[in-house]
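# Coordinate analysis (summary)
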Amino acid sequence: MPLGERGGWERTESRYCGVETDFSNDVTHLLNFNISTGGFDYILAPLVNPSYRPSLMEGNGVDTQVLPVSGSDLVLSPSQWSSHVVGKISSWIDLDSEDEVLRMDSETTLKQEVAWATHLSLQACLLPTPKGKSCANYARCVNQILQGLTTLQLWLRVPLVKSDGDSMDDTSEGLNDSWELWNSFRLLCEHDSKLSVALDVLSTLPSETSLGRWMGESVRAAILSTDAFLTNARGYPCLSKRHQKLIAGFFDHAAQVVISGKPVHNLQKPLDSNTEGTEKNPLRIYLDYVAYLFQKMESLPEQERIELGYRDFLQAPLQPLMDNLEAQTYETFERDSVKYIQYQRAVEKALVDRVPDEKASELTTVLMVVGAGRGPLVRASLQAAEETGRKLKVYAVEKNPNAVVTLHNLVKMEGWEGIVTIISCDMRFWNAPEQADILVSELLGSFGDNELSPECLDGAQRFLKPDGISIPSSYTSFIQPITASKLYNDVKAHKDLAHFETAYVVKLHSVAKLAPSQSVFTFTHPNFSTKANNQRYKKLQFNLPSDAGSALVHGFAGYFDSILYKDVHLGIEPTTATPNMFSWFPIFFPLRKPVEVHPGTPLEVHFWRCCGSSKVWYEWSVSSPTPSPMHNTNGRSYWVGL
């Protein structure tokens, strides 16, 4: 049965728990014992008798050529095979062995077993861990197989180990860093989007930083050894705090747990009350504990649940300067009350600075909202005036004629006719009848300047008084190297250069952040320089933590941080992000070819913000440790319309 409902429907994929079994000629009994009696959702079981070797079968007659499988496809229904069995490819295979007979036997067996699994309509098969340091032939054969698969997924079994000061289990067979093994294997597979990893979770774990790398990889299962369990005061199995945190992380990243090994907690168990005379599955106590961990996970907040469909989903950024936004888009942004509370606080501080208390009843502050949309900033500004007791005159400038209709209705409905003047015009081309004390705008994109806020505000600041206040007063973009297998494969699936030279807005989830973010470009407003130049270049250098281990950089996550006014802040940069704000997702700059980085070797990155007569675009590249091609969004992105 599923682990429980309390994890929330948002963790549907990780609700199922499997159990690893030995080979059995009676797969029906195996299923009954582990699913009906044991309570597991599926079995991870060998499909073929482990004693089978193709070379031993040759020349012994036609009848002996029949593959010694665990059971005919007729012993279970197609839905049972599909839902309750994950195939386990024979563990003895060694496709990189120096023994030619073993190597050829291994290749034949691998292809036969995958073909049988496909015939059974299994959803997945577990590939054994590569043996030795070289896995080129193994990866070549798997790559061939992946090309012909449609629904069957392949999971490569990898022990979760890393040495160099971190603990390492004896079963790792001298492996220093299992991530290196996984990385070399998947890089050899051109069709690696159909390949996932199943991690053997042992009794000891690498460092937290090292474990974090796996959250950006396509981890499909955590095979949890019974030896990894401790014993609590009542004699029942439990996990260390670090193991619990790791399993919770896998739950949150749609990975399933598989219990593996013999029971090491010899508790006296009664007969199963549901089936008279049937002994209870001895691994059930481990399943119960995993279910307990799943059920105690907190449900996601409402807003996170709303955003579930956007997790790791590539979206084209908005183009508000070139396109007119739709009502649904406006409504989504207007629900973000946190953002408008921050704007209101900033306007309040600006009003108090402009008009002292003793002149509050005499002076009227001229405030212009440029890019007014359907009026949320107008409302926030008027509420700020009411809170501070200041008099206000508002110009609401909006180029979208559809939003202007809504603005007129709002002004009439709220009775703001004597306070708010609506201007249906592009702010860059409007001739203001008077200068403003305060200029308020909501033109920031996920990367700060990517929706052309610098260009728009430079065009609008001509009607701001020399001592006037701009809200926001400054904003800075940030980037951070990330491992993001899913995002990279989604871009790669388009099979063209254009998609690798596009920046995407993404609700980041299955990613590993490899180093702290660093600032890229900063813009300050008002900018009264004679000739404003918004072209920028920045060279950045990132260093992985010393205990992190090597990692693969698939691209860069981009954020922004802004100062609205004085100490009022707004942003999505992870270390300073405004809590509970959802108007912006990060931006993702992909790399055509992922770059492998190692602790102690800097990652050197170059970013450009380029300006033409009618558009703005970004360029980015890596120069070290391995040079990457130049990525150029010119002509392929949305920053046009100047």
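Described in the following lines is the structure provided in the data block. (Residues numbered from 1 in each chain as written. Predicted model: local features only at pLDDT ≥ 70, side-chain atom pairs only at ≥ 80, totals over all residues. Heavy atoms only, no water.)

## A word on the overall build of the chain
Each helix and strand counted, the chain has 17 helices and 26 strands in total. A gap of 4 Å separates the mean positions of the 58 positive and 75 negative side-chain charges of the chain. (Helix = DSSP H or I, 4+ residues; strand = E, 2+ residues; numbered from the N terminus. Lys, Arg positive; Asp, Glu negative; His and termini not counted. Charge placed at Lys NZ, Arg CZ, Asp CG, Glu CD.)

## What about the nonpolar core?
Among the nonpolar cores identified, the biggest contains 97 residues, and Ile471, Phe556 and Phe607 are the most heavily contacted of them. In terms of residue count, strand β21 (residues 551–565) provides more of this core than any other element does, 8 residues in total. Not counting chain neighbours up to four residues away, the residues in contact with Phe556 comprise Ile479, Gln480, Pro481, Ile482, Ile587, Phe588, Phe589, Leu591, Leu603, Val605, Phe607 and Val622. With 78 residues, the next largest nonpolar core counts Leu156, Leu246, Ile259 and Leu293 among its residues. (Core = buried A, V, L, I, M, F, W, Y, C linked by side-chain atoms within 4.5 Å. Buried < 20%, exposed > 50% of the residue type's maximum accessible area, 1.4 Å probe, protein only. Contact = heavy atoms within 4.5 Å.)

## Describing the state of the cysteines
For the coordinates displayed, the defined rule picks out 0 disulfides. For the unlinked cysteine Cys238, the closest cysteine sulfur is that of Cys17, found at 17 Å. (Disulfide = S-S within 2.5 Å.)

## Here's the deal with the pattern of salt bridges
Here the structure, examined in full by the defined rule, presents 29 salt bridges. For the salt bridge of Arg242 with Glu208, the shortest nitrogen-to-oxygen distance reads 3.2 Å. Of the two residues, Arg242 sits in helix α8 (residues 241–252) while Glu208 sits in helix α7 (residues 208–212), which places them 34 residues apart along the sequence. Here Glu334 and Arg374 are joined by a salt bridge, their closest N and O atoms 2.8 Å apart. Taken together, the residues span a long stretch of sequence, with Glu334 in helix α11 (residues 327–334) and Arg374 in the loop between β11 (364–370) and α13 (376–388) at a distance of 40 residues. Judged by relative accessible area, which is 21%, Arg374 ranks as partly exposed. (Salt bridge = Lys/Arg side-chain N within 4 Å of Asp/Glu carboxyl O.)

## Points about the sheet that holds strand β5 (residues 153–159)
Pairing within the closed barrel is parallel, and its 8 strands lie in the order β1-β2-β3-β4-β5-β6-β7-β10. Averaged over all pairs of adjacent strands, the angle between their axes in this sheet comes to 30°, without regard to strand direction. Two elements, strand β1 (residues 17–20) and strand β2 (residues 42–46), share 3 bridges in a ladder whose sense is parallel. The residue bridging Gly18 from the neighbouring strand is Tyr42, located in β2. (Pairing = 2+ DSSP bridges. Axes fitted to C-alpha atoms, helices over the stretch in contact; angles between N-to-C directions.)

## Regarding unusual backbone geometry
Residue Pro526 is reached from His525 by a cis peptide bond, and omega for that bond is 0°. Structurally, Pro526 is set in the loop between β19 (518–524) and β20 (536–542). Residue Pro625 is bonded to the preceding Ser624 through a cis peptide linkage, with omega at 10°. In this structure, Pro625 sits in the loop between β25 (616–624) and β26 (631–632). With a phi angle near 70°, Leu452 is a residue other than glycine that sits in the positive phi range. Looking at the secondary structure, you find Leu452 in the loop between β14 (436–441) and α15 (453–460). For Leu452, a relative accessible area of 3% gives the class buried. Phi at Asn580 is positive, roughly 60°, even though this residue is not glycine. Residue position: Asn580 is located in the loop between β22 (568–571) and β23 (587–597).

## Topic: the packing of aromatic side chains
Evaluated as defined, the whole model comprises 20 aromatic pairs. Residues Tyr289 and Tyr292 carry aromatic rings whose centres are separated by 5.8 Å and whose planes lie at 45° to one another, so their mutual orientation is tilted. In this pair, Tyr289 and Tyr292 are both assigned in helix α9 (residues 284–295), 3 residues apart and thus about one turn of the helix distant. Centre to centre, the rings of Tyr310 and Phe585 are 5.9 Å apart; their planes meet at 50°, and the pair counts as tilted. Taken together, the residues Tyr310 in the loop between α10 (302–306) and α11 and Phe585 in the loop between β22 and β23 connect sequence positions 275 residues apart. Look at Phe585 and you get buried, because its relative accessible area is 13%. In this structure, Lys339 packs its charged tip against the face of Trp584, placed 5.2 Å from the ring centre. (Phe/Tyr/Trp six-rings, centres within 6.5 Å; stacked < 30°, edge-to-face > 60°. Lys NZ or Arg CZ within 6 Å of the ring centre and 35° of its normal.)

## Quick look at the packing of helix α4 (residues 100–119) against helix α5 (residues 136–147)
Helix packing for two helices is described by the angle between their axes and how far apart those axes are. The interhelical angle for the contact between α4 and α5, taken along N-to-C directions, is 25°, at an axis separation of 11 Å. Looking at the two axes, α4 sits roughly parallel to α5. Of the two possible hands of crossing, α4 and α5 adopt the one that is right-handed. Within the contact between the two elements, α4 uses Arg103, Glu107, Leu110, Lys111 and Val114 and α5 uses Asn137, Tyr138, Arg140, Cys141, Val142, Gln144 and Ile145. The residue makeup of the contact of α4 with α5, split by class, is 6 nonpolar, 2 polar and 4 charged. (Parallel < 35°, antiparallel > 145°, perpendicular 65-115°, else oblique. Left-handed = near helix turned anticlockwise from the far one by under 90°. Nonpolar A, V, L, I, M, F, W, Y, C, P; charged D, E, K, R; others polar.)

## Re the side chain of His243
Structurally, His243 can be placed in helix α8. His243 gets classed as buried once you look at its relative accessible area, which sits at 4%. Ignoring anything within four residues of it in the chain, the contact list for His243 reads Val201, Leu202, Ser203, Leu205 and Ala228.

## Re the pairing of β22
Both faces of the sheet carry side chains from a regular strand, because those side chains alternate between them. Here β22 shows no split at all, with Val568 and Leu570 on one side and His569 and Gly571 on the other all buried. In this structure, the hairpin formed by β21 and β22 is closed by a connection of 2 residues, where Lys566 is found at a positive phi of approximately 55°.

## Some thoughts on the packing of α8 against α9
Look at α8 against α9: their axes get within 10 Å of each other, and the N-to-C directions meet at 70°. Taken together, α8 and α9 sit at an angle that is classed as roughly perpendicular. Crossing of α8 against α9: the hand is right-handed. Note on element contacts: α9 touches α8 through Tyr289, Val290, Leu293 and Phe294, opposite Gln244, Ile247 and Phe251. For the contact of α8 with α9, the residue count by class is 6 nonpolar, 1 polar and no charged.

Interpretation note: all reported values are geometric properties and have no functional meaning in isolation.
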